[in-house]
Amino acid sequence: MGKGDKKTKRGKINRGTFGVRRPRIKKKPSVETKIDINKKAIPK
């Protein structure tokens, strides 16, 4: 158990891989991309 272990978080960090113990952190879309300046409100 430790750096050589494939199944532990420390082992994943050491190998530079991802898995169940160390999932990838997904980037959240920025606020700027959600709010489009060019779009105008549609009148009803």
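One can find the structure itself at the top, above this paragraph.
Definitions and cut-offs
- Residues numbered from 1 in each chain as written.
- Predicted model: local features only at pLDDT ≥ 70, side-chain atom pairs only at ≥ 80, totals over all residues.
- Heavy atoms only, no water.
- Helix = DSSP H or I, 4+ residues; strand = E, 2+ residues; numbered from the N terminus.
- Buried < 20%, exposed > 50% of the residue type's maximum accessible area, 1.4 Å probe, protein only.
- Areas by Shrake-Rupley, 256 points an atom, 1.4 Å probe, with all protein chains shown as cover.
- Lys, Arg positive; Asp, Glu negative; His and termini not counted.
- Salt bridge = Lys/Arg side-chain N within 4 Å of Asp/Glu carboxyl O.
- Polar contact = N/O pair within 3.5 Å; in protein donor to acceptor, adjacent residues only side chain to side chain.
- Contact = heavy atoms within 4.5 Å.

(A) How the structure looks around the overall build of the protein. Secondary structure summary: the protein contains two helices and zero strands in total. The buried share of the protein, reckoned over its 44 residues, is 9%. Approximately 5,000 Å² of the protein is accessible, and the part contributed by carbon and sulfur atoms is 56%.

(B) Just the side chain of K12, in detail. Position of K12 among the secondary structure elements: in helix α1 (residues 9-15). Buried and unpaired, K12 has no salt bridge, with D5 as the nearest side chain of opposite charge at 8.7 Å. A polar contact of 3.4 Å, which involves the side chain of K12, links it to the backbone oxygen of K6. Discounting residues that sit within four places of it in the chain, K12 has contacts with D5, K6, T17, F18, G19 and R22.

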